[in-house]
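This is what each chain is made of:
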Amino acid sequence: MSQRIGQQVGTYRLLRVLGEGGFATVYLGEHVHLGTLAALKLLHVTFSSEDLEAFRREAQLIARLEHPHIVRVLDYDVQAGTPFLVMSFAPGGTLRGVHPKGMVLPLTKVVGYVAQVSEALQYAHDRGIIHRDVKPENLLVGARQEVLLGDFGIAVLSQRSRSVSTQEVVGTAAYMAPEQFRGKPGVASDQYALAVVVYEWLTGERPFSGSFVELASQHLLTPAPGLREKNAGISSAVERVVLTALAKEPTQRFDSVKGFALALAQASQATASTCFSPRPFQ
């Protein structure tokens, strides 16, 4: 979709591609009058009138989300049959770009990320909104190095699109909660997905891998392998917290995503005090 660079969409001129997938392309855009920058997500799918109306309702809903750790939706429109969203620009890119697959992160950094993401998710959950697609690709880095959660509600519409590639479906399925495979997502589904992200950051691997069918089977039926099997430096307390958030039944997870973040922080502090406690004075 790079051929659209230089074109005007709404009141923005497209400067360069920020990211591309089967469902949409995200461009950096410059306002033609103000010179300000924004991210424009252009959907290259064919929607029915029903889908367009659903997308408009989703856009209205997420545009009302005002939180320091959520990407702001500034505008929505349809131009020449192409629906698009105008969003605040996150200059740091995605956390997937910052931390490529296979990279193991320090526990302190993971706890800091989770605290920010959980605040955003809890804010949305308190307003009856489920994200449905928490993964590193949807975690952006703002101008002050803060983590911003993006793509609220987009997962619902992307599932209707035939243009979404198998690779993208599998990539998202790697983070999906068991109940989401059954078509019954809830707020606890976002907690599960965030726990998969934490698992990946702490071990360098996601708990499950394979085709869509294999991933669905594993998420539904197979307990997640212990984190200490993959990284012996992880404490049993941290492992228990992550595996609790990865419980198959939503009711067996923490009572909220904020509760998960708090438990992880507490387990991290306990680990630090055990590892670095000073010797008694002699």
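Reference entry: report on the structure contained in this document. (Residues numbered from 1 in each chain as written. Predicted model: local features only at pLDDT ≥ 70, side-chain atom pairs only at ≥ 80, totals over all residues. Heavy atoms only, no water.)

### A look at the overall build of the protein chain
Put simply, the rule is: Secondary structure counts use DSSP, requiring at least four H or I residues in a row for a helix and at least two E residues in a row for a strand, with both numbered from the N terminus. Whether a residue is buried, partly exposed or exposed follows from its accessible area with a 1.4 Å probe, protein chains only, as a fraction of its type maximum: under 20%, in between, or over 50%, in that order.
Scanning the protein chain from terminus to terminus reveals 10 helices and eight strands. Counting across all 282 residues of the protein chain, residues that qualify as buried make up 49%.

### Describing unusual backbone geometry
Across residues other than glycine, the phi torsion is negative in most instances, and most of the peptide bonds are trans. The residue A80 is not glycine, and still its phi comes out positive at about 50°. Position of A80 among the secondary structure elements: in the loop between β5 (73-79) and β6 (82-87). For A80, a relative accessible area of 81% puts it in the exposed group. Although it is not a glycine, Q145 adopts a positive phi angle of roughly 70°. Topologically, Q145 is positioned in the loop between β7 (139-141) and β8 (147-149).

### Re helix α1 (residues 49-63)
Note the threshold: By this rule, a helix spans an expected 1.5 Å times one less than how many residues it contains. To obtain the arc, one takes the directions from the helix axis to the C-beta atoms.
The terminal C-alpha atoms of α1 lie 21 Å apart, and with 15 residues this matches the ideal 21 Å at 1.5 Å per residue to within 8%. Among all positions of α1, only D51, A54, F55, A59 and I62 are buried. One side of α1 carries all its buried residues, which in axial view fall inside an arc of 140°. The exposed residues of α1 that point more than 90 degrees off its buried face are S49 and E50.

### Digging into the sheet that holds strand β4 (residues 37-43)
The cut-off we apply is this: For two strands to count as paired, DSSP must find a minimum of two bridges between them.
Read from one edge of the open sheet, six strands run β1-β2-β3-β4-β6-β5, paired in antiparallel fashion. In the strand order of this sheet, the two ends are held by β1 (8-9) and β5, each with one partner. Note: strand β3 (residues 24-31) against β4, seven bridges, orientation antiparallel. When the bridges of β4 are listed, G29 appears paired with A38.

### Here we look at the pairing of strand β2 (residues 12-20)
Relative to β2, β1 runs antiparallel, the two being bridged by two bridges. Across the sheet, residue Q8 finds its bridge partner in β2, namely R13. The turn linking β1 back onto β2 is made up of two residues, and G10 within it adopts a positive phi angle of 65°.

### Observations concerning the packing of helix α7 (residues 187-203) against helix α9 (residues 236-245)
Formally: With axes taken as lines fitted to C-alpha atoms, and helix axes fitted only over the stretch in contact, angles between N-to-C directions fall between 0 and 180 degrees. A clockwise turn of the near helix away from the far one marks a right-handed crossing, whereas an anticlockwise turn of less than a right angle marks a left-handed crossing. Any two residues whose heavy atoms approach within 4.5 Å are treated as being in contact. Under the scheme applied here, ten amino acids are nonpolar (Ala, Val, Leu, Ile, Met, Phe, Trp, Tyr, Cys and Pro), four are charged (Asp, Glu, Lys and Arg), and all others, including Gly, are polar.
In the contact formed by α7 and α9, the axes pass within 8 Å of each other and the chain directions differ by 145°. Here α7 and α9 pass one another in a crossing that is left-handed. Two secondary-structure elements touch here, α7 through Q191, Y192, A195, V198, Y199 and L202 and α9 through V238, V242 and A245. For the contact of α7 with α9, the per-class residue count stands at eight nonpolar, one polar and no charged.

### A closer look at the side chain of E200
Using the following cut-off: In protein, a polar contact requires one atom able to donate a hydrogen and another able to accept it; more generally it is a pair of N or O atoms within 3.5 Å, and residues adjacent in sequence count only if both atoms are side-chain atoms.
Inspection of the secondary structure assignment puts E200 in helix α7. Among the polar contacts listed, one links the side chain of E200 to the side chain of R96, at a separation of 3.0 Å. Apart from residues no more than four positions distant in its own chain, E200 is found in contact with R96, K101, M103, P136, Y175, E205 and R206.

### Comments concerning the environment of L246
Turning to its location among the elements, L246 is positioned in the loop between α9 and α10 (257-276). What makes L246 buried here is its relative accessible area of 5%. In the structure, L246 is positioned 39 residues away from P207 in sequence and 9.7 Å away in space, judged by C-alpha atoms. Setting aside residues no more than four positions away along its own chain, L246 makes contact with Y192, A195, V196, Y199 and A224.

### Overview of the pattern of salt bridges
For side chains bearing opposite charge, pairing can occur when the charged atoms are close. Spelled out, the test is: Salt bridge, as used here, is a side-chain nitrogen of Lys or Arg placed within 4 Å of a carboxyl oxygen of Asp or Glu.
Inspection of the entire model under this criterion finds 10 salt bridges. Residues K41 and D151 are paired through a salt bridge, measuring 3.3 Å at the closest nitrogen-oxygen approach. Highlighted residues: K41 in strand β4 and D151 in the loop between β8 and α4 (154-158), separated in sequence by 110 residues. Considered together, K41 and D151 belong to a single accessibility category, that of buried residues. Taking the shortest distance from any N to any O, the salt bridge between E66 and R72 comes out at 4.0 Å.

### Examining α7
A rise of 1.5 Å per residue sets the reference length of α7, with its 17 residues, at 24 Å; its end C-alpha atoms lie 25 Å apart and thus fit the reference within 8%. Within α7, 16 of the 17 residues are buried, which leaves the element mostly enclosed by the surrounding structure. Downstream of α7 by a residue or two, G204 has a phi angle that is positive, lying close to 85°.

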